[in-house]
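# Observations on the model geometry
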Amino acid sequence: MAVNEQLLLAVLDEIRPNLQADGGDMEYHGVDDDGVVSLELTGHCAGCPMSQLTLSMGIERILKEHVPGVTRVVAVNDMNGGMTDLYDEYAPF
């Protein structure tokens with residue numbers, strides 16, 4: 001089932017103030033044909049130890065309830081790639 005992207009974006013806009021209240025936010029990166037939504041947590045949410053819980057028990061749960069066709073929410077984390085590259089560049093071995 002195809003996901004209604006307008007509805008998805010509207011629901012994300014409803015969720016966003018809750019993240020912003022704690023100094024965080026999210027960036028929408030897309031949804032694939034299987035209903036997997038890609039989001040990047042930013043601000044204080046980026047790197048927060050509770051970010052996976054925020055995605056699965058918060059954002060994913062709400063999206064599944066309100067947007068037909070959403071099956072999962074995954075994190076897009078640009079920081080990990082950059083940190084790996086940095087480590088590879090300065091690794092002593």
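To keep things clear, this report deals only with the structure shown in the data block. (Residues numbered from 1 in each chain as written. Predicted model: local features only at pLDDT ≥ 70, side-chain atom pairs only at ≥ 80, totals over all residues. Heavy atoms only, no water.)

### Let's talk about the nonpolar core
Formed by 17 residues in total, the largest nonpolar core has its most connected members in L8, L12, M26, L39, I59 and L63. Those elements giving two or more residues to this core turn out to be α1 (5–20), β2 (36–43) and α2 (51–66). The biggest single contributor to this core is α1, with five residues. With residues near it in sequence (within four places) discarded, M26 still touches L12, I15, R16, L19, L39, E40, L41, T42 and I59. (Core = buried A, V, L, I, M, F, W, Y, C linked by side-chain atoms within 4.5 Å. Buried < 20%, exposed > 50% of the residue type's maximum accessible area, 1.4 Å probe, protein only. Helix = DSSP H or I, 4+ residues; strand = E, 2+ residues; numbered from the N terminus. Contact = heavy atoms within 4.5 Å.)

### Here we look at the pattern of salt bridges
Following the criterion strictly, the structure yields four salt bridges and no others. Between K64 and E60 there is a salt bridge, and its shortest N-O distance comes to 3.4 Å. Of the two residues, K64 and E60 are both situated in helix α2; the distance of four residues between them amounts to about one turn of the helix. E65 is paired through a salt bridge with R61; the nearest N and O atoms lie 3.3 Å apart. One end of the pair, E65, and the other, R61, are both in helix α2, four residues apart, so they sit about a helical turn from each other. With a relative accessible area of 40%, R61 lands in the partly exposed category. Bridged by salt links that share partners, the residues D13, R16 and D25 form one connected network. (Salt bridge = Lys/Arg side-chain N within 4 Å of Asp/Glu carboxyl O.)

Keep in mind these values describe shape, not function.
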